[in-house]
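Architecture at a glance
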Amino acid sequence: MSEFTTPVTATAVSVPSTSSRLSLGEADLYKEQLPPLGRKLRVALTTCCRPQTIVQKFPIISWFPRYQWSYLLQDFIAGFTVGLTTIPQAIAYGVVAGLEPQYGLYSAFMGCFTYIIFGSCKDVTIATTAIMALMVQPYASISPDYAILLCFLAGCTILLLGLCNLGVLVRFISIPVITGFTIAAAITIASAQINNLVGLVSPSKALIPSWKFFFTHLNKISRNDALLGASSLVFLLIMKKTKDISYGNRIFWKYVSLSRNACTVIIGTFLAFILSRDGSQPFKVTGNITPGLPPFRPPPFSTNVNGTTVPFTEMIGTVGTSLAFIPMVAILEIVAIAKAFSKGKIVNASQEMVALGMCNILASFVSSMPVTGSFTRTAVNNASGVKTPLGGLVTGSLVLMALAFLTQTFYYIPKSTLASIIIAAMISLVELKKVKDTWVAKKADLFPFLVTLLLSLFWSLEYGILSGTIANCWFILYSSARPKIELSTEKISEEVFGLVTIKQKLDYASAEYVKEKIVTFVHKQQSEGINLVIILGNEIHGIDSTVAANIITLKEDLQVLNCQVLCWNWNISAAGVICRLQPEMRPIFKFNKTLEDIIEEYRSQRLSNKASQNTLYSET
C-alpha cells in the first residue's frame, strides 16, 4: 500500500486548508466495499434447484444406495434395544406432560420414521424428552390438543429456520447456559416424581409445591409403593454401572446395562400382576391405556375445554412465549446431541433443523406432543453399534406393535416404577463435572450459569434460558464496550509522545470509552510535555460510523489540549470509514512507516511551522 505525501499538521494550529474531497486515487483506495448481494442472490437461486442441494436436504439419497446387507443385523439390534428403552420412557414422559400415557407412545414412532429420510446423524433418535414434556405440561393439562398444536407449530418454526440456514443461531447460547438449563430441568422433573415414587398424588408438579406436599404428607406414604420405587431406583443405578464390569464378556454386560429400563418395567409389571390376582392392588398402577394406533389426521386448530369451543387465536394466546422457547430448546437438544455423537464429522445444524421440523410436523398428524433428539436413547443407539438411521425403522415399528398389542399389559405398570425410571434418567443429566470445569476454566462464566439455573428452578424454564442468554450477551457487550487498551509514554529522539495500542475490533459500544481513556491519559501526562498521541491500529480490522465520529471529535479535543493525534498502520477498511466521513482527516493516517520516521516527520513539520510563525511575528 503506497504512502501519500499529504503533510502532517502542526500541533497547536488548525488543519491546513485542503479540498473537501479526496483525490481520485485516495477515493478509490478508501471506497467502501459493499457485499455483492445481487450476485449472492443469483447464486443462491441457482444452487437451490441443483441436484446436490436436493441430496443435502434428503440425506437418505446419499447413504441408502451404499447400504450393505452386513449393516442390517447391527441396525436391527440397535433399533430393537432402543425400542425397549423408548417404550417405558415414552409412557413415563407422557405422564410428565400431564397427558394419558398413550400420548407418550404416540410421540415415539413417527419421528423415528421421518428422521430416516431427513436426518444426517446415524445415532440420533427422535422422540419426546423429559424437558419437552415438562415445557408442554402447563398447556397439555388444559387439553391434549394444545400439546399436538404446539408440536405442529414448533415443527413449522424449526423447518423454516432450517431452510433459511439459521442453524448459526444456536451458537448464541453458551455451554454454561445450557448446563444450567439442563440441571434445572432435571431437578424440576425429578422433584415432580418424588411423590409418585412413594405412592402420593401431588396436585402440583412444580418444584417447591411438590416437595412441600411430600413433607406435609409423610404419614400417607404407601409402604408398598415406596419400597418398590426405592428398590427400582437402586436397581437402575446399579444396572447402569454393569457396563463397567471388566471380567467376562464386555458386550454382554453392555447390553445388560442398556436393557435396565425394560427389565425394571417388566419386573415391576410382573409383581403388580401377580400380587393383584386375589383382587387387591398393592401398588398404584398406570391404569387403562387406550389401545390401538392413533388416527392420522391434521393437528387441531381449535379445541373444546369444559364444553366451550376455544378458537385457534385463543389457543395461540394461551401458549404465548412457548411458541418460541419450545422450538429453541428442541433445536438446542438435537444439535448438541448430533455434535456429541458426530465422531469428528461436521454437523450441519441447519439440516438437523430441517429434519427435526419435518419430524414434528408429521408427528403432529398422529397426536404427538413436541419431539426432539433424546440423549439417553441416542447413547443407547450408539452403544448398540447402529450403522445407519435405518435403525429407527425397527424402533418405530416396536412402538407401533406395543400400541397395537401390549396396551392391556401396560395397565399393570406401577407408577412408582415409572417414577424411578424418570428420576434415574434425570440423575444422569445433572452434570456437576461441567460446573466444575467452568469454575476451573473461567469463574465469571458461572454468572450466566447461576442466572439460568435459579430462574429456571424458581420462575420458569423458558424465562430461565432467556435470562441466561441475556446475561451471557451482557458479558460480550461489556467486553466489547471496554476493549483492551495499552497506553504508554514513549521517547524517540528527545520527542516524548503517547502510544495507544488497541487490542481488538472497535464498534459503537466502545467508541466513547476509547475517547475518554485517551483524553484522560493526555490530561495526566501533560506535565511530561506530551504534544503527540499515536494510535497503533494494526489490530483494528473494522470500525463503524460511531467510532469514526468519535475519532474525529477526539482529534478536536486533543487540539484544545495542544496535542496532535496520528493513526499508525490502521487497516485501510477502518481508515476508510473515517476518511469518507471527513476527508480532512486523511493526513492523520500513516502507513508503511517506522515509528522513528513518523516522529522525524512530525518534528520537521513542527519546526517548519514554528519558523513560519517566527517569521510572521518578525514582520509584524
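Structure shown above.
What comes next is a walk through the structure. Residue indices begin from 1 for each chain and proceed along its sequence in written order. Predicted model: local features are reported for residues with pLDDT of at least 70 only, side-chain atom pairs are reported and counted for 80 or more only, and whole-chain, interface and lining totals are derived from all residues. Only hydrogens and water are removed before side-chain values are computed, so all heavy atoms of the structure are retained for them.

Quick look at the layout of surface pockets
Where we set the bar: Buriedness of a pocket was judged along seven lines, with at least five required to meet protein on both sides within 12 Å; pockets are open sets of points on a 1 Å grid over the protein atoms alone, cavities are sets where a 1.4 Å probe fits but cannot get out, and lining residues have an atom within 4 Å of a point. Grid points are joined across faces, edges and corners, and a volume is the space filled by probe spheres set on the points. Residues are grouped as follows: nonpolar covers Ala, Val, Leu, Ile, Met, Phe, Trp, Tyr, Cys and Pro; charged covers Asp, Glu, Lys and Arg; every other residue, Gly included, is treated as polar.
The space that makes up the largest pocket amounts to roughly 1,300 Å³. Lining the largest pocket are 50 residues, with Ile-337, Phe-375, Thr-376, Leu-429 and Glu-431 sitting closest to its centre. Of the residues that constitute the lining of the largest pocket, the class distribution is 29 nonpolar, 11 polar and 10 charged. A volume near 730 Å³ is recorded for the second largest pocket. As for the second largest pocket, its lining consists of 26 residues, of which Trp-63, Ser-120, Cys-121, Lys-122 and Lys-345 are closest to the centre.

Focus: unusual backbone geometry
This is how it is decided: Strands are runs of DSSP state E lasting at least two residues, helices are runs of H or I lasting at least four, and both sets are numbered from the N terminus onward. Between buried and exposed lies partly exposed: a residue is buried under 20% and exposed over 50% of the maximum accessible area for its type, with that area taken using a 1.4 Å probe on protein chains only.
One non-glycine residue, Asn-306, lies in the positive phi region at around 55 degrees. Topologically, Asn-306 is positioned in the loop between β2 (303-305) and β3 (308-310). Taking the relative accessible area as the measure of exposure, Asn-306 reaches 79% and is therefore exposed. One non-glycine residue, Asn-562, lies in the positive phi region at around 60 degrees.

Concerning the pairing of strand β8 (residues 564-568)
As a reminder, the rule being used: We treat two strands as partners when DSSP finds at least two bridges between them. Whether a crossover is right-handed comes down to one check: with the strands pointing away from the viewer, does the path from the first strand over the helix to the second run clockwise; if it does, it is right-handed.
Most of β8 sits inside the fold, with 5 of its 5 residues counted as buried. Because side chains alternate across β8, one face comprises the buried residues Gln-564, Leu-566 and Trp-568, and the other comprises Val-565 and Cys-567, equally buried. Note: strand β7 (residues 532-536) against β8, 5 bridges, orientation parallel. Bridged to Leu-532 within β8 is Gln-564. With 2 bridges joining them, β8 and strand β9 (residues 589-590) adopt parallel strand pairing. From the neighbouring strand, Trp-568 faces β9, where its bridge partner is Lys-590. Running through helix α27 (residues 572-581), the crossover from β8 to the neighbouring parallel element β9 is right-handed.

Observations concerning empty space enclosed by the protein
A water-sized probe, rolled over the atoms, reveals where empty space remains. For the structure on display, the rule yields 2 cavities of 30 Å³ or more. Of the pockets and cavities examined, the largest cavity occupies roughly 110 Å³. Lining the largest cavity are 17 residues, with Val-124, Thr-125, Asn-381, Pro-389 and Gly-392 sitting closest to its centre. Mapped onto the lining of the largest cavity, the elements with two or more residues apiece are α7 (110-118) and α19 (391-405). The biggest single contributor to the lining of the largest cavity is α7, with 4 residues. Among the residues forming the lining of the largest cavity, the class breakdown is 9 nonpolar, 7 polar and 1 charged. Considered as a void within the structure, the second largest cavity measures approximately 40 Å³ in volume. Around the second largest cavity, the lining residues are Leu-506, Ala-511, Val-514, Lys-515, Val-547, Asn-550, Ile-551 and Leu-554. Secondary structure elements with two or more residues in the lining of the second largest cavity: α25 (508-524) and α26 (545-560).

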